[in-house]
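Listed below are the residues making up each chain.
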Amino acid sequence: MDYIHFLFLVLQVFLMGFIPGRVLTNLLPYDKEIKAAASFAVSFFIYYLVGFLTYIFKLPASPIHLGLFLTFLIIFFLKVFQGKLLNKNELGFVGIYFLLFLVVVSLQGLLPFYAGGFWYFDWFEHYQRSLFFTRHLPLNFQFGPYLLTARPPFFNIVVSFYQSVIGREFYHYQIIATLLNLCIALPVYLFCRDYFGLKKLKNLMLLISALILFNPAIMQQATFTWTKSLSAYFILLALFFYLFARDKNHQPSSYLSSLLLAGGFITHYSSLGYIIPVFLDYILMTFLIFKKRLLPLIISIFIIVSISFTWFGFAIRNYGLYNTFLGNTSYEWTKNMTFSNRLEKDITNFTYTFLPLISGSFLNYIKPQTSFLVKIFDLSTYFYFDTFPGSITLTLYALIVLYVLLNLKKWLINLLKINKNFLRIFSGSKYFFVFFIVGSIPFNLIVYPALTNVTASIIFFPLTLLLFSYGISRLIYFGKHLPKFILVIITSTIILEAILGVILRVFVLQTELNPNFNYKLKNPLLYHYQTLPVHMDNWNLKINNNLIFLYDRFPSLKPTFLVLVFSAWVFSFFILKKILRGKSGN
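Residues numbered from 1 in each chain as written. Predicted model: local features only at pLDDT ≥ 70, side-chain atom pairs only at ≥ 80, totals over all residues. Heavy atoms only, no water.

The name that an unreviewed UniProt entry assigns to the chain is Glycosyltransferase RgtA/B/C/D-like domain-containing protein.

And the structure:
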């Protein structure tokens, strides 16, 4: 029965994410794969709006939410039978994404708790925030030291919609959050296909799925139940539609982009650092290149303001202006900083984020640990999740740097050519990417409140994914030009990084850091095992709140989870090897 129950839950969560949005995106003028990629975002918007309304008006959530989904389900199958929805290409695309989701949920089922580096509490806080809307907790309920207004609610309201249909236990939450956080695979595919030169590459979605499974940062984001990855999905998808509007003079796409940017903003406030450069470019295009387009710009701004007001209007009414706009860490932690303090914060954060460095303070923290494996685990957690080169993977980062150095002279010459179409140079998509990356970095550094070195995983994840997509294209490019033994080295380093960042995490959490396995952690009299206190704090957070993880709910399926994950890894290795040898064509 566990097999049936598990597969039913996974399939239900996936179909609830895909079907309502796919019915509505069928009305849009895009190809099937773009419609499929946008379907999840559209479904989540529906769930956010309906879920928020049922919460505000205290309506019976379960029958309304289930009835809404069943209505879309009936419409979906009617259109499928009429031949108006799916085709072979889209079925393959969505099918591969479902298999990726199944494998990552299986990986989630191998984690008895969350730990590594200083990652703590956020996974539990967002579970509480989702239950806030499901159980109508009092408005003054605090999540640690924070009120509801300290974080935007899109992710939590969408989860609460799901919870009212499939269940409220933590293992339900894990499956739901995994889908929301794994959606980043979809815009990564679209960018690789349409903007990074891989449109003709066969098995592209398989290659992307393989490299996602091998990427420690993406696997951490997908299985750590917080909001950063869903926000990045909205930001990347918004960028895709903005570029579509920009390149094809298709104004409705810019409105869709604005809707998605608003979704990203009310999912995680760091999205503001990406909205600003997009609209600076929009203004540049409006007034300098595409003149007489002021009205569409105003409409796009109105869309963002209107969607954002669904949250801010509720918050102002119930919590006041201060708690709504200033009751968050970005303001509270920086309000007393001097200019020199802020500058020091930004320089330090930039240095330890964008260079492959590990701070001396972190190294001192892990010195007392007696377990070599836990030391390596914490170092890999820091490097792969908190530094920009690590989050892309050092292999892909090195390929990007190498490609840029080889082409820098040519790019600079082209950029400096002065002619009557000088402004038109900047209307091209490749210059937009440079503008967007360079423009979003200072905005995000300024907004981020703490002097730390963990900004890659928190505020720069959209940039990570954009460069990850570009790194995939450079991997294929060098695969055509490098000798076989170099390709073997590249493949080996990708696998090695995955072992250090993904497999080691699963192993250490099940053994060295698991009190049910390690007697030194269970018995205080034998507690000679030194580790970061935050590891055991995470364990106690789970135990003290009686949380049932997938790991606990489906113990009989652990061998199946292992087989699924291991098989996916082996298959991914052969797909990577096959494509790099050029047997899939381009």
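That covers the picture; the talk isn't over yet.
Regarding its fold elements, the chain presents 29 helices and 0 strands. Radius of gyration (C-alpha) of the chain: 23 Å, near the 25 Å computed for a compact globule of 586 residues. The C-alpha extent of the chain, read off along each of the three principal axes, is 80 × 60 × 60 Å. Per-residue burial for the chain yields a buried fraction of 58% across its 586 residues. When contacts within the chain are restricted to residue pairs at least 6 apart in sequence, long-range pairs at least 24 apart make up 77% of them. Taken as a whole, the chain presents about 24,200 Å² of accessible surface, with 69% of it coming from carbon and sulfur. For the chain, the distance from the average site of its 46 positive side-chain charges to the average site of its 19 negative ones is 11 Å. (Helix = DSSP H or I, 4+ residues; strand = E, 2+ residues; numbered from the N terminus. Rg over C-alpha atoms; globule rule 2.2 N^0.38 Å. Buried < 20%, exposed > 50% of the residue type's maximum accessible area, 1.4 Å probe, protein only. Contact = heavy atoms within 4.5 Å. Areas by Shrake-Rupley, 256 points an atom, 1.4 Å probe, with all protein chains shown as cover. Lys, Arg positive; Asp, Glu negative; His and termini not counted. Charge placed at Lys NZ, Arg CZ, Asp CG, Glu CD.)

Taken as a whole, the largest pocket spans an internal volume of roughly 1,200 Å³. Looking at the largest pocket, it is lined by 31 residues, and the ones nearest its centre are V404, W411, V434, I437 and Y470. Looking at the lining of the largest pocket, the elements that each hand over two or more residues are α16 (339-354), α19 (388-392), α20 (394-416), α22 (429-447) and α24 (461-481). Its residues placed into classes, the lining of the largest pocket shows 27 nonpolar, 2 polar and 2 charged. (1 Å grid on protein atoms, 1.4 Å probe; cavity = no way out; pocket = protein on both sides within 12 Å on 5 of 7 lines; lining within 4 Å. Points joined across faces, edges and corners; volume = space filled by probe spheres on them. Nonpolar A, V, L, I, M, F, W, Y, C, P; charged D, E, K, R; others polar.)

Quick look at the state of the cysteines now. Enumeration according to the criterion identifies 0 disulfides in this entry. Summary of cysteine pairing: C183 is not part of a disulfide, and the nearest cysteine sulfur, belonging to C192, is at 17 Å. On the basis of relative accessibility, which here comes to 0%, the residue C183 falls in the buried class. (Disulfide = S-S within 2.5 Å.)

On to the side chain of D281, then. Checked against the element boundaries, D281 lands in helix α13 (residues 272-289). Contacts of D281, omitting those with residues within four sequence positions, involve Y242, R246, F432 and F435.

This paragraph deals with the side chain of E90. Structurally, E90 can be placed in helix α4 (residues 88-108). With residues up to four places along the chain from it excluded, the contact list for E90 reads F18, R22, K32, A36 and L85.

On the surface, a cluster of nonpolar side chains totalling about 710 Å² of accessible area is made up of L280, I283, F287, L294, L295, I298, I299 and F435. Of all elements in the fold, only α13 and α14 (294-325) reach the threshold of two or more residues within the nonpolar patch. Considering each element in turn, the nonpolar patch owes the most residues, 4 residues, to α14. Position of I298 relative to the elements: it lies in helix α14. (Patch = residues over 30% accessible without salt bridge, like charges linked within 9 Å, V, L, I, M, F, W, Y side chains within 5 Å. Salt bridge = Lys/Arg side-chain N within 4 Å of Asp/Glu carboxyl O.)

A few words now on the nonpolar core. Within the largest apolar cluster, 196 residues are counted, with the highest numbers of intra-cluster contacts made by F44 and Y97. Those residues in contact with Y97 that sit more than four places away from it in its chain are F14, F40, L179, L182, C183, A185, L186 and M205. (Core = buried A, V, L, I, M, F, W, Y, C linked by side-chain atoms within 4.5 Å.)

What follows is about the environment of L201. Secondary-structure assignment places L201 in the loop between α8 (185-194) and α9 (204-213). For L201, a relative accessible area of 8% gives the class buried.

A rise of 1.5 Å per residue sets the reference length of helix α1 (residues 2-25), with its 24 residues, at 34 Å; its end C-alpha atoms lie 35 Å apart and thus fit the reference within 8%. Along its length, α1 shows its largest kink, about 30°, at L15. (Expected span 1.5 Å × (residues − 1). Bend = angle between axes of the 7 residues up to and from the residue.)

This part is about α4. In a regular helix each residue adds 1.5 Å, so 21 residues correspond to 30 Å; α4 covers 30 Å between its end C-alpha atoms and thus fits that length. Where α4 starts, the residue carrying a side-chain oxygen 3.3 Å from the main-chain nitrogen of N89 turns out to be N87. (Polar contact = N/O pair within 3.5 Å; in protein donor to acceptor, adjacent residues only side chain to side chain.)

It is worth spelling out the pattern of salt bridges at this point. A complete count under the given rule lists 9 salt bridges for this structure. Ionic pairing is found between R22 and E90, a salt bridge with its closest N-O pair at 2.5 Å. With a gap of 68 residues between them, R22 in helix α1 and E90 in helix α4 connect regions that are remote in the sequence. Accessibility assignment for this pair places R22 and E90 in one class, buried. Between D552 and K542 there is a salt bridge, and its shortest N-O distance comes to 2.8 Å. In this pair, D552 sits in helix α28 (residues 550-553) while K542 sits in helix α27 (residues 533-544), placing the two residues 10 residues apart along the sequence. Overall, the relative accessible area of 33% leaves D552 in the partly exposed class. Judged by its relative accessible area of 3%, K542 is buried. Residues joined in a network through salt bridges with shared partners are D31, E33, R193 and D194.

Let us now look at unusual backbone geometry. Positive phi is not limited to glycine here, since H136 has a value of about 55°. Summarising the element assignment, H136 is placed in the loop between α5 (122-135) and α6 (154-166). A relative accessible area of 36% places H136 in the partly exposed class. A positive phi angle, close to 60°, is found at N203, a residue other than glycine. Inspection of the secondary structure assignment puts N203 in the loop between α8 and α9.

A full pass over the atoms with the stated rule returns 82 aromatic pairs. When the centroid spacing of 5.6 Å and the interplanar angle of 45° are considered together, the rings of F14 and Y97 count as tilted. Linking F14 in helix α1 with Y97 in helix α4, this pair joins segments that are 83 residues apart in sequence. For F14, a relative accessible area of 3% translates into the label buried. Overall, the relative accessible area of 1% leaves Y97 in the buried class. (Phe/Tyr/Trp six-rings, centres within 6.5 Å; stacked < 30°, edge-to-face > 60°.)

Okay, the packing of helix α11 (residues 228-248) against α24 next. Across the interface, α11 lies against α24 with an axial gap of 9 Å and an inter-helix angle of 60°. As far as their axial angle goes, α24 and α11 are oblique. Seen from above, α11 lies across α24 with right-handed handedness. Across the interface between the two elements, K228, S229, A232, I235 and L236 from α11 touch F461, P462, L465 and L466 from α24. (Axes fitted to C-alpha atoms, helices over the stretch in contact; angles between N-to-C directions. Parallel < 35°, antiparallel > 145°, perpendicular 65-115°, else oblique. Left-handed = near helix turned anticlockwise from the far one by under 90°.)

Another point: the environment of P29. Mapped onto the secondary structure, P29 falls in the loop between α1 and α2 (32-56). Taking relative accessible area as the criterion, P29 reaches 54% and is therefore assigned exposed.

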